[in-house]
Each structure stands twice: as structure tokens, then as C-alpha cells.
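Architecture and fold: a report
Below are the chains, spelled out letter by letter.
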Amino acid sequence: MAIPTTDPIIVAPTNMPFRADESLDLDALARNVDKFSSTALSGFVVGSYGGEEFHMGEPEKVSAIRTVTEAHAGRRFVIGGIDALSPTEAVRLANLYAEAGADMVRVRVPPANRGVNSAPIQDYFEQVTRDSPVPVVIIHQPKTAMGIDLTKEELRDITAFDNVFAYIMSLNYRYECRLAQFVNEKVKLWTCNGTLLMPGGMIGAVGACLLFGNWGPHIARDIIQACLDGRYAEAREMQERINNVDSIGMSWGVGVQKTGLNLMGYEGTVPRKPNLPLNESQTAAMKEALIEAGIMNADGTPAPQI
């Protein structure tokens, strides 16, 4: 399957299943991907915060990209996650991940020293977009330890480069409301969070890259589509229904993503240490939230995803 040409496009950080000895379970990953490939999820993001990127080594990430590529068997597409301070390193990883099967790479905006002896952020993305063998998705997360704010001029410039496919907005919705107009018109604006699906759609988002996409990609798709169609009352009803489960997902760390998947019949397994799985009461709350969102039935079975 080629990268979709129609919107909405919904992608999610791909969960990495681990065995009891904390080794990466590629067989479980392949089974999960095969199951996801019959849902509304458009593609997989391998090597992201929600996929425990900072708890994995480079060989594991490459193996995971190969496994996901083989398992979806042309039904979806793969984005390889890159976090690199050096544009030269980002390009090296883009080539490595493309060789492993990635159709695109997601590159996080790195911190920029704005002193007189530092190159502008435009130089970083000019090199990366020019030399990456696959399209680039730019992700902006200024509230992380490594994040920075972009000026409107910087955002305008880096999204104007050839080979940029999408810009993933940050959680700072007030900031993004002001900056969205400066994203180049050829670049797709994607929202970043389940609670921001409707708000993102209201400022022009045509897709999303979000943890919630692992649980309810069809709902994420439908909210964005409703905004595209101007059906805002429908979008609001769906948005309000999922806010609780998304809030839990943002509050309890990567273990909540895995617990949700386990409850839904996937092999989410448990986080790699030092992250811990949810406790019994948290798991019960997660189950109730999935039921409230319409992702699970009242009897605890997964609801159909249409």
C-alpha cells in the first residue's frame, strides 16, 4: 500500500511487546501489526515516545521496523522515529530506517542554541529533508526536556522544504492556533493527542499521530472527518466521549497504552523497566474508560471498529 493520498490519515506510536526477560518479542509485534492492519489505523510509527524509544537500542529499532514492514505486507505504511541533535546523524538514521522498510521518517525538532555561533534550525531541516531518502514528518514538542519553541518564520521555512510530508503540532494548543497559518500549504497538519482531535481539526488538522490511535483509530478518523465536513456537533459528541480515556493515557505513562491493548486482545505485554505496568485499580479504571469511549462493550469484549 502506498502512503495514503486522501485524508484523514491516522497513525500511532507502535507498541513494543517485551518478554518476561525484557527482550523484544518480534513475533508478538508481528501478530499485533497483522491485527491492526484490519482497523482504521493508517500506519505505524516505530521508535517514538509511546513506543519506548528511549528504552531501546538502535539494532532493536531496526529489527522492529523490518518486522512491522513484513507484517503489514503492503496494507499500511511505516514511519521511523528519529531524535538526533545532529542533522548528519538524522540523515544516517533516515537511510538506515529506509533500508529496513520505513516509508517515511518522523524527525523531532531538536533544541537550538540561539547563540551567535549556532546554525539556525532551518539549516538542520534543509540538510535532513534534502538528504533523507524518504519523506520527512516534522514533530514539534516544545514542552519536552529537549524541546524549543519555533518562531513563525522558522516554522514557515522548515515546512517549505521539499520532501516534508506533515507537521505534527504540539500540545500547546494556544501556541499552535497562532502558528498553524504558517505551516506550508503543501504540508499536512496533524494533531498530536486524543483530546486535541476536534480542536486540532478546528485549526486545520487533516490527520493525527497519537497514542489514542492504538485504541480507537476509527474514532480519531471520524472526529477529523467530521471537522473536515463541518459537522462540529457530531465531532464534539465523539470528542467528549473519549476525553476521559485519553486523559488516563496521558497521565499514567506508557503502561496505560499496553494495558489498553491487553484489554482489547492485543499482546501489549508490560513496559520495559524502569517503567512499571498499571496496578489492579488503574487497570479497572482503564477498562471502564474504554467502555465509556465505546471502544469496549459493557461485558469487556472489544467493540467492533468500523
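Residues numbered from 1 in each chain as written. Predicted model: local features only at pLDDT ≥ 70, side-chain atom pairs only at ≥ 80, totals over all residues. Heavy atoms only, no water.

Under an unreviewed UniProt entry, the protein has the name Dihydrodipicolinate synthase family protein and belongs to Candidatus Lucifugimonas marina. Quoted verbatim from the Sequence similarities (unreviewed entry) field of UniProt, the annotation for the protein is "Belongs to the DapA family." (UniProt positions renumbered as here; feature names shortened; annotations may be inferred.)

Alternating positions in strand 5 (residues 136–139) separate into two faces, V136 and I138 on one and V137 and I139 on the other, with burial throughout. Inspection of the sheet shows strand 4 (residues 104–108) paired to strand 5 by 4 bridges, in the parallel sense. Residue pairing across strands places R106 opposite V137, the latter belonging to strand 5. Note: strand 5 against strand 6 (residues 164–168), 4 bridges, orientation parallel. The residue bridging V137 from the neighbouring strand is A166, located in strand 6. (Buried < 20%, exposed > 50% of the residue type's maximum accessible area, 1.4 Å probe, protein only. Helix = DSSP H or I, 4+ residues; strand = E, 2+ residues; numbered from the N terminus. Pairing = 2+ DSSP bridges.)

Quick look at the pattern of salt bridges now. Tallying each qualifying case throughout the model produces 18 salt bridges. A salt bridge links E267 to R31; the shortest N-O distance between them is 2.6 Å. Separated by 236 residues along the polypeptide, E267 in the loop between helix 10 (254–263) and helix 11 (280–292) and R31 in helix 1 (residues 26–36) bring together distant segments of the chain. In this structure, R130 and D131 form a salt bridge, with 3.0 Å as the shortest nitrogen-oxygen distance. By relative accessible area, which is 56% here, R130 ends up exposed. On the basis of relative accessibility, which here comes to 33%, the residue D131 falls in the partly exposed class. Overlapping salt bridges bring together E53, D83, R106 and R108 as one network. (Salt bridge = Lys/Arg side-chain N within 4 Å of Asp/Glu carboxyl O.)

Moving on: helix 8 (residues 217–229). Since the α-helix packs 3.6 residues into each turn, any two residues three or four apart lie on the same face. With 13 residues, helix 8 extends 18 Å from end C-alpha to end C-alpha; this agrees with the ideal 18 Å at 1.5 Å per step. For helix 8, the full list of buried residues reads P217, H218, I219, A220, I223, I224, A226 and C227. Its buried side turned inward, helix 8 meets strand 1 (9–13), strand 7 (188–191), helix 7 (197–202), strand 8 (207–209) and helix 9 (232–251). (Expected span 1.5 Å × (residues − 1). Contact = heavy atoms within 4.5 Å.)

Running from amino to carboxyl end, helix 10 crosses helix 11 at an angle of 65°, the nearest separation of the two axes being 10 Å. You can see that helix 10 and helix 11 cross each other, and the crossing is right-handed. Residue-level contacts link V256, T259, G260 and L263 of helix 10 to T283, M286, K287 and L290 of helix 11. Class assignment for the residues of the contact of helix 10 with helix 11 results in 4 nonpolar, 3 polar and 1 charged. (Axes fitted to C-alpha atoms, helices over the stretch in contact; angles between N-to-C directions. Left-handed = near helix turned anticlockwise from the far one by under 90°. Nonpolar A, V, L, I, M, F, W, Y, C, P; charged D, E, K, R; others polar.)

Turning to the packing of aromatic side chains, a few remarks are in order. With the rule as written, the count across this model stands at 5 aromatic pairs. A ring pair is formed by F165 and W190, whose centres lie 6.0 Å apart and whose planes are at 70°; its orientation type is edge-to-face. Residue F165 is found in strand 6, and its partner W190 is found in strand 7; the two are separated by 25 residues along the sequence. Residue F165 shares its accessibility class with W190, and that shared class is buried. Centre to centre, the rings of F212 and W215 are 6.4 Å apart; their planes meet at 90°, and the pair counts as edge-to-face. A residue is classified by how much of its surface remains accessible, and W215, at 0% relative accessible area, is buried. Through a chain of ring-to-ring contacts, the aromatic side chains of F36, F44 and Y266 assemble into a single cluster. Cation over ring: K35 sits above Y266, and NZ or CZ is 4.6 Å from the ring centre. (Phe/Tyr/Trp six-rings, centres within 6.5 Å; stacked < 30°, edge-to-face > 60°. Lys NZ or Arg CZ within 6 Å of the ring centre and 35° of its normal.)

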